[in-house]
Amino acid sequence: MSRIGRMPVAIPAGVTVTIAEGNEVTVKGPKGTLNRVLPKEMDIKLEDGQVVVSRPNDLKKMKSLHGLTRTLIHNMVIGVSEGYTKTLEINGVGYRAQKAGKKLTLTLGYSHPVEMDDPEGIETKVDGNKIIVSGISKEKVGQYAAEIREKRKPEPYKGKGIKYADEVIRRKVGKTGKK
């Protein structure tokens, strides 16, 4: 049986979980509300302050959906109670970020500044050479952080570009001159 799928999802104080018809799960918490339609095959139940996910049979597809469904519910509960953040770092001479309202302006060595609008439910903050992306949906936070990083990926020779704070860039040795 799925080790992750078997584990119940604990619901912290201040968070309410409702399961509607067709496995539509709505999670309300202090930070906001998330809802998602989960696979109909899975059996999702609320049992004494915990969400329990079980599968109907041991087919390969059901096994893979079991852990996924439980993890999606867990991510929603964490999102509405604590929220998610991703930190990006900008490295490079003249590379910088500015924030004006909901618009993030990046100066990344191109002939023009790159402007990005914060998506619905996502907030960005600029702190020196760091960009902090935060929100309640783990999926949206990760996607927007990846889109920002995509504007100038870190290069392996000098390490210039936008990287995640916990990312390690594998460095390469540059050219050597003839003797």
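Residues numbered from 1 in each chain as written. Predicted model: local features only at pLDDT ≥ 70, side-chain atom pairs only at ≥ 80, totals over all residues. Heavy atoms only, no water.

Participant: What is the right way to read the packing of aromatic side chains from this model?
Facilitator: By convention here, two paired aromatic rings are described through the distance between centres and the angle between planes. In the structure shown here, the tally under the stated rule is zero aromatic pairs. In this structure, Arg 152 is placed above the aromatic ring of Tyr 110, and the distance from its NZ or CZ to the ring centre is 4.3 Å. (Phe/Tyr/Trp six-rings, centres within 6.5 Å; stacked < 30°, edge-to-face > 60°. Lys NZ or Arg CZ within 6 Å of the ring centre and 35° of its normal.)

Participant: What exactly am I supposed to notice about unusual backbone geometry here?
Facilitator: Trans is the prevailing form of peptide bonds, just as negative phi is the prevailing case for residues other than glycine. A positive phi angle, close to 55 degrees, is found at Asn 23, a residue other than glycine. In this model, Asp 48 sits at a positive phi of 30 degrees, which is unusual for a non-glycine residue. Among the secondary structure elements, Asp 48 is positioned in the loop between β5 (43-47) and β6 (50-54). Asp 48 sits in the exposed class, given a relative accessible area of 74%. (Helix = DSSP H or I, 4+ residues; strand = E, 2+ residues; numbered from the N terminus. Buried < 20%, exposed > 50% of the residue type's maximum accessible area, 1.4 Å probe, protein only.)

Participant: Would you take a moment to explain the nonpolar core for this structure?
Facilitator: Across soluble globular proteins, nonpolar side chains have a tendency to be buried as a group. Residues Val 17, Val 25, Val 27, Leu 38, Ile 44, Val 51 and Ile 73 are the most contacted members of the largest nonpolar core, which totals 20 residues. Elements supplying a minimum of two residues to this core: β3 (24-29), β6 and α2 (60-81). The element best represented in this core is α2, accounting for seven residues. With residues up to four places along the chain from it excluded, the contact list for Val 17 reads Ile 11, Val 25, Thr 26, Val 27, Leu 46, Val 51 and Val 77. The next biggest cluster of nonpolar side chains, apart from the first, holds 18 residues, and it includes Ala 97, Val 133, Val 141 and Ile 162. (Core = buried A, V, L, I, M, F, W, Y, C linked by side-chain atoms within 4.5 Å. Contact = heavy atoms within 4.5 Å.)

Participant: It is not clear to me how the sheet that holds strand β8 (residues 96-100) should be interpreted in this structure. Could you clarify?
Facilitator: Strand pairing in a sheet takes place through backbone hydrogen bonds and is either antiparallel or parallel in direction. One open sheet holds the three strands; their spatial order is β8-β9-β10, and the pairing between them is antiparallel. Since the sheet does not close on itself, it has two edges, and those belong to β8 and β10 (114-117), each with one partner. In this sheet, neighbouring strand axes are inclined to one another by 20 degrees on average, regardless of whether the strands run parallel or antiparallel. With four bridges connecting them, strand β9 (residues 103-107) and β10 associate as antiparallel partners. Residue pairing in the sheet places Lys 103 in a bridge with Asp 117 of β10. (Pairing = 2+ DSSP bridges. Axes fitted to C-alpha atoms, helices over the stretch in contact; angles between N-to-C directions.)

Participant: Explain the sheet that holds β6 to me, please; I cannot follow it from the model alone.
Facilitator: Strand order in the open sheet made by the three strands is β1-β6-β5, with antiparallel pairing throughout. With partners counted over all chains shown, the strands left at the sheet margins are β1 (9-10) and β5, one partner each. The strands touched by α2 are β1, β5 and β6; relative to β6, the strand with the most contacts, the crossing angle is about 160 degrees.

Participant: Can you help me understand helix α3 (residues 138-150) in this one?
Facilitator: Because an α-helix packs 3.6 residues into every turn, residues spaced three or four apart end up facing the same way. Spanning 13 residues, α3 covers 18 Å between terminal C-alpha atoms, matching the ideal 18 Å at 1.5 Å per step. Listing the buried residues of α3 in full gives Val 141, Tyr 144, Ala 145, Ile 148 and Arg 149. Down the axis of α3, the buried set is contained in an arc of 140 degrees. They therefore lie on one face. Along α3, exposed side chains directed more than 90 degrees from the buried face belong to Glu 139 and Glu 150. The elements touched by buried residues of α3 are β7 (84-91), β9, β10, β11 (122-127), β12 (130-135) and β13 (161-164). (Expected span 1.5 Å × (residues − 1). Arc of directions from axis to C-beta.)

Participant: Is there a simple way to explain the pairing of strand β4 (residues 32-37) in this structure?
Facilitator: Two faces belong to every sheet, and in a regular strand the side chains alternate between them. Alignment of β3 against β4, held across six bridges, turns out to be antiparallel. Residue pairing across strands places Thr 26 opposite Asn 35, the latter belonging to β4. Turn length for the β3-β4 hairpin, with the two strands adjacent in sequence and antiparallel, is two residues.

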